[in-house]
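Each chain is listed here by its residues.
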2 protein chains.
Amino acid sequence: MDELTRKFGIRLKRLRTESHLTQEQLALMIGVSKKYVSNIENGRGNPTLTTIEKFARGLDVTASELLDGVDSKTS
Amino acid sequence: MDELTRKFGIRLKRLRTESHLTQEQLALMIGVSKKYVSNIENGRGNPTLTTIEKFARGLDVTASELLDGVDSKTS
């Protein structure tokens, strides 16, 4: 896990919970496994551009919004 | 190539040329091959989150800024 994937996981989890979705519901919506969503939220994943967009669509935000504040500079 | 990767390629190329960088210079900066940069700019690539951030850093923007306007909805 590095800072970038850790922050992405935190961001994803926050947006998911704000959308009142469970990991399972989000996983079903975008066609991935619940385990995959859990791994990503725990910083253990490096999703591709197309997967990032799937997550964004499932959470009704743009890919750019999903990556807002997600960078590897420790802050 | 799909709409998303096509738009990402166009966005990357525009930011790179605005930064007055050649494909080779950007490739060297972020530790990938010139061929890879060329493929991505031509919509033939699906970069991971970490590679997206490398491109963003090389172009002195955030990953979120790099993905601004990049989505698969045709517009």
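The rules we used
Residues numbered from 1 in each chain as written. Chains lettered and ligands numbered in written order. Predicted model: local features only at pLDDT ≥ 70, side-chain atom pairs only at ≥ 80, totals over all residues. Heavy atoms only, no water. Helix = DSSP H or I, 4+ residues; strand = E, 2+ residues; numbered from the N terminus. Rg over C-alpha atoms; globule rule 2.2 N^0.38 Å. Buried < 20%, exposed > 50% of the residue type's maximum accessible area, 1.4 Å probe, protein only. Contact = heavy atoms within 4.5 Å. Lys, Arg positive; Asp, Glu negative; His and termini not counted. Charge placed at Lys NZ, Arg CZ, Asp CG, Glu CD. UniProt positions renumbered as here; feature names shortened; annotations may be inferred. Least-squares fit on C-alpha atoms with pLDDT ≥ 70 in both. Axes fitted to C-alpha atoms, helices over the stretch in contact; angles between N-to-C directions. Parallel < 35°, antiparallel > 145°, perpendicular 65-115°, else oblique. Left-handed = near helix turned anticlockwise from the far one by under 90°. Nonpolar A, V, L, I, M, F, W, Y, C, P; charged D, E, K, R; others polar.

Visitor: Where do I start with the overall build of chain A in this structure?
Guide: The number of helices and strands found in chain A is five helices and zero strands. Reading the secondary structure of chain A in the N-to-C direction produces α-α-α-α-α. Over its C-alpha trace chain A gives a radius of gyration of 11 Å, about what one expects of a compact globule, namely 11 Å for 75 residues. Relative to its full complement of 75 residues, chain A shows a buried share of 48%. For chain A, contacts bridging at least 24 residues in sequence account for 64% of all contacts bridging at least 6. Averaged over its 12 positive side-chain charges, chain A has a centre that lies 5 Å from the centre of its 10 negative ones.

Visitor: Before we go on, may I ask you to explain the UniProt feature "domain: HTH cro/C1-type" (unreviewed entry) in chain A in this structure?
Guide: The positions UniProt marks with the feature "domain: HTH cro/C1-type" (unreviewed entry) are residues 12-66 of chain A. Counted over residues 12-66 of chain A, helix gives 67% and strand 0%. Its end C-alpha atoms are 7 Å apart.

Visitor: Before we go on, may I ask you to explain the relation of the copies chain B and chain A in this structure?
Guide: Copy one and copy two of the chain differ by a rotation about an axis and a translation along that axis. It takes a turn of 180 degrees to lay chain B on chain A, together with a shift of 0.0 Å along the axis; the resulting RMSD is 0.0 Å. In symmetry terms, the pair is related by a two-fold rotation axis. The overlap is high: 100% of the interface residues of chain B also sit at the interface in chain A, so the same surface is used on both sides.

Visitor: Is there a simple way to think about the packing of helix α2 (residues 23-30) of chain B against helix α3 (residues 34-41) of chain B in this case?
Guide: When two helices pack together, you describe them by how their axes are tilted relative to each other and by the distance separating the axes. All names here are of chain B. Packing of α2 against α3 leaves a shortest axis separation of 8 Å and a crossing angle of 115 degrees. Considered as vectors, α2 and α3 are oriented roughly perpendicular to each other. When you trace α2 past α3, the crossing you get is right-handed. Each of Gln-23, Glu-24, Leu-26 and Ala-27 in α2 lies in contact with α3, whose residues at this interface are Lys-34, Val-37, Ser-38 and Glu-41. By residue class, the composition of the contact of α2 with α3 is three nonpolar, two polar and three charged.

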